[in-house]
Amino acid sequence: MIYFQSLLPRCMILLLAGMISACTTHPTNQQTTPAQPDINTLVTSSLLQAQQNKMSRAKITIQRALSLDANHVDANNIAGFIYGKSNQAELAVKYFEKALSIAPNDASTLNNYGSFLCDYGNLQEAEKKFLKAGTHAANPNPEIAYTNAGLCALRVPDLDQAADYFKTALDFKQQNAVALYQLARINLVKQRAIPALERLHAYSQFAAHTPQTLKLGIEIGRLMKDKEVEVGYFNLLQNEYPTSDEYQWAVATM
């Protein structure tokens, strides 16, 4: 799975809808027409619907947004995202390309387009999109692009290239849980137990452990032949995720 993406840098989710008065004023026969949602609200709604796997509804909503402005960058970007997730590759490419024809350096579109290309196996073109996003001076979150590039490189698999991208992501933001976890995994694969443990420890300083990270800790402890490390992560896994597949694996491999 590709790392979190800044899908809507310009579209905000409305958190407070306003207060409804509890008092009734003088009745009136005048009928009011409900306000129509603006394009940013429609784009945000379509994204939320897609994230809830309501793809048919998401497509209807994003098409409403595009009917208001066919050249809206975020609308085209999210249309590409939605159609990509719906396995409609030609439409996804159409909308991503339209967004980039309007805003060639838009980091959100480049990240989403890169993720789409990586999902479809076009790893070289995906890498180009991520690097363009990561190197553009106006991108406020280049670590996202480099993390995505690292995750895509893992699919080659090219562990050294992936590690380089994750390290670059950490140069921009040290509290990057995905990059730290993946570097710990890469170090484990390369039989480098101490660096793997250091990366996992750094991860735990600001992110909650998951069954996957605790399993990784057990594996690192076993590589080190350090029972204290192994048992420590085993106990955490047992206490926090006793029904997980990772705990069943840990018990079966003791």
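Up top you'll find the structure we're talking about.
Residues numbered from 1 in each chain as written. Predicted model: local features only at pLDDT ≥ 70, side-chain atom pairs only at ≥ 80, totals over all residues. Heavy atoms only, no water.

Engineer: Quick rundown of the state of the cysteines? Include the residues and the values.
Structural biologist: Throughout the structure, instances matching the rule amount to one disulfide. Across the disulfide, Cys118 is cross-linked to Cys152 (sulfur-sulfur distance 2.2 Å). Taking the torsion about the S-S bond as the criterion, the Cys118 to Cys152 disulfide, at about 120°, is right-handed. Taken together, the positions of Cys118 in helix α5 (residues 107–119) and Cys152 in helix α7 (residues 142–154) put the pair 34 residues apart, joining distant regions of the chain. (Disulfide = S-S within 2.5 Å. Helix = DSSP H or I, 4+ residues; strand = E, 2+ residues; numbered from the N terminus.)

Engineer: I'd like to hear about the packing of aromatic side chains, residue by residue, with values.
Structural biologist: Enumeration over the complete set of coordinates arrives at eight aromatic pairs. Judged by centre distance (6.3 Å) and plane angle (35°), the rings of Tyr113 and Phe116 are tilted. Here Tyr113 and its partner Phe116 are both found in helix α5, three residues apart, which amounts to about one turn of the helix. Residue classification places Tyr113 among the buried residues on the basis of a relative accessible area of 4%. A relative accessible area of 8% places Phe116 in the buried class. When the ring centre of Tyr113 is taken as origin, the NZ or CZ atom of Lys129, which lies over that ring, is 5.0 Å away. Between the NZ or CZ atom of Lys215 and the centre of the ring of Trp249, over which it lies, the distance is 4.8 Å. (Phe/Tyr/Trp six-rings, centres within 6.5 Å; stacked < 30°, edge-to-face > 60°. Buried < 20%, exposed > 50% of the residue type's maximum accessible area, 1.4 Å probe, protein only. Lys NZ or Arg CZ within 6 Å of the ring centre and 35° of its normal.)

Engineer: Go over the packing of helix α11 (residues 211–224) against helix α13 (residues 245–252), please, and point to the residues and values.
Structural biologist: Contact geometry for α11 and α13: axes closest at 9 Å, N-to-C directions at 20°. Here α11 lies roughly parallel to α13, going by the angle between them. Crossing hand, α11 versus α13: left-handed. Each of Pro211, Gln212, Lys215, Ile218, Glu219 and Arg222 in α11 lies in contact with α13, whose residues at this interface are Glu246, Trp249 and Ala250. Residue classes in the contact of α11 with α13 are distributed as four nonpolar, one polar and four charged. (Axes fitted to C-alpha atoms, helices over the stretch in contact; angles between N-to-C directions. Parallel < 35°, antiparallel > 145°, perpendicular 65-115°, else oblique. Left-handed = near helix turned anticlockwise from the far one by under 90°. Contact = heavy atoms within 4.5 Å. Nonpolar A, V, L, I, M, F, W, Y, C, P; charged D, E, K, R; others polar.)

Engineer: Quick one: what's the story with unusual backbone geometry, residue by residue and with numbers?
Structural biologist: In this chain, Val156 is followed by Pro157 through a cis amide linkage whose omega measures -5°. By the secondary structure assignment, Pro157 is in the loop between α7 and α8 (159–172). Positive phi outside glycine occurs at Asn53, with the angle close to 65°. Mapped onto the elements, Asn53 comes out in the loop between α1 (39–51) and α2 (55–68). Residue classification places Asn53 among the exposed residues on the basis of a relative accessible area of 60%. The phi dihedral of Lys225 falls on the positive side, at around 60°, and the residue is not glycine. Among the secondary structure elements, Lys225 is positioned in the loop between α11 and α12 (227–240). Residue classification places Lys225 among the exposed residues on the basis of a relative accessible area of 75%.

The quantities given are spatial measurements derived from coordinates; they are silent on function.
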